[in-house]
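One-letter residues, chain by chain:
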Amino acid sequence: MKLAGKTDKGGYRAENQDNYRAARLPDDTVWAVVCDGMGGAAAGRLASQVATDALEDCFNAGLPGLEPGGEEALLARCITQANRAVYAESLKDPTHRGMGTTAVCALVRQGRVHVAHVGDSRAYLCRPGELVQLTVDHTMVQQLVESGQITRQQAACHPNKNLITKALGVEPSIQGDYTSAPVKKGDVILLCTDGLSGAVSADQLQDLLEHTPFFITPRKLVERALAAGSQDNVTAVLVGVEPTED
């Protein structure tokens, strides 16, 4: 297993409100987290920082001795704890009220990837000839697509495409979505913020993931998003399901 990541504030934002964290354990278990803060400059940055700290603490506490089959419960607990941490922080300062952050978390162990998310930060699974989006955005536009009111093509340029319907820290409690999938050697898992997924098409993502050396791929993804005119912070984190010496 191997890890690589890159984040950039981009050319349009004064600061970077994205945050990410990842680690590989001695038993080759890997976890990774990407968050995208919201709620004003300082509050958005604080929200994503508090969330990533809480998620890291939860993984560190919950992974040792975790029995097979316990992954979904652990991810749910991590989302709950991160939500509580951000919400509690928001109450400390009136200027931070309503702050929040997206979160997408991946746990890879024993031949499966387990994913939990809140908001529109995404997880993808890439293998030769195939790119699968593992998450479904919590956005107003996604709801319109699912109800048949607009097409996916219309969603891509909808004026409210970045309006999210769920975020960590906005309410005292929240429930994230969970999914899992089998993985095999050669697979690559991408976690990213909408600064990347909103600017770079799925075909372009797949092409870069398949044809770029692993450890420079995050930088190339960020560069592609910025070249495409992304007006947001951009973050990409990769988990490679193969030996680190490859």
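Note: the structure precedes this text.
All of the points below concern the structure found in this document. (Residues numbered from 1 in each chain as written. Predicted model: local features only at pLDDT ≥ 70, side-chain atom pairs only at ≥ 80, totals over all residues. Heavy atoms only, no water.)

**Thoughts on the overall build of the chain**
Summing up its helical and strand segments, the chain has 7 helices and 10 strands in all. Put simply, the chain has 246 residues, and 50% of those count as buried. In the chain, 69% of the contacts between residues at least 6 apart in sequence involve partners at least 24 apart. Carbon and sulfur atoms make up 49% of the accessible area of the chain, which totals about 11100 Å². (Helix = DSSP H or I, 4+ residues; strand = E, 2+ residues; numbered from the N terminus. Buried < 20%, exposed > 50% of the residue type's maximum accessible area, 1.4 Å probe, protein only. Contact = heavy atoms within 4.5 Å. Areas by Shrake-Rupley, 256 points an atom, 1.4 Å probe, with all protein chains shown as cover.)

**Comments concerning helix α2 (residues 71-90)**
Given 3.6 residues per helical turn, the α-helix brings residues three or four places apart onto the same face. Compared with an ideal rise of 1.5 Å per residue, which puts 20 residues at 28 Å, α2 spans 29 Å between its outermost C-alpha atoms and is within 8% of the ideal. Inspection of α2 places E71, L74, L75, C78, I79, A82, N83, V86 and S90 among the buried residues, and these make up the whole buried set. (Expected span 1.5 Å × (residues − 1).)

**Points about the environment of A181**
If you trace the backbone, A181 turns up in strand β8 (residues 177-182). Beyond its immediate sequence surroundings of up to four residues, A181 is in contact with G111, R112, V113, L125 and L134.

**Observations regarding the sheet that holds strand β10 (residues 234-240)**
With antiparallel pairing, 5 strands are arranged side by side in an open sheet as β1-β10-β9-β6-β7. The open sheet has two edge strands, β1 (2-8) and β7 (130-133), and neither has a second partner. Strand-to-strand twist of the sheet, defined as the mean angle between neighbouring strand axes without regard to direction, takes the value 15°. Across 7 bridges, β1 lies against β10 in antiparallel orientation. What sits directly across from K2, in β10, is G240. Where helix α6 (residues 202-211) meets the sheet, it contacts β6 (122-127), β7, β9 (188-192) and β10, and its direction lies at approximately 120° from that of β7. (Pairing = 2+ DSSP bridges. Axes fitted to C-alpha atoms, helices over the stretch in contact; angles between N-to-C directions.)

**A closer look at the pairing of β6**
Of all 6 residues in β6, 6 are buried, a share of seventy percent or more. Burial along β6 is two-sided: the face carrying R122, Y124 and C126 and the face carrying A123, L125 and R127 are both buried. Here β6 pairs with β9 via 5 bridges, running antiparallel. Note on β9: the bridge partner recorded for L125 is I189.

**Regarding the pairing of strand β3 (residues 30-38)**
Burial analysis of β3 places 8 of its 9 residues in the buried class, the great majority of the element. The pairing of strand β2 (residues 18-24) with β3 spans 7 bridges and is antiparallel. Each residue of the ladder has a partner; that of A23, found in β3, is W31. Here β2 folds back onto β3 in antiparallel fashion, the turn holding 5 residues, of which D28 has a positive phi close to 75°. Across 9 bridges, the pairing between β3 and strand β4 (residues 100-109) is antiparallel.

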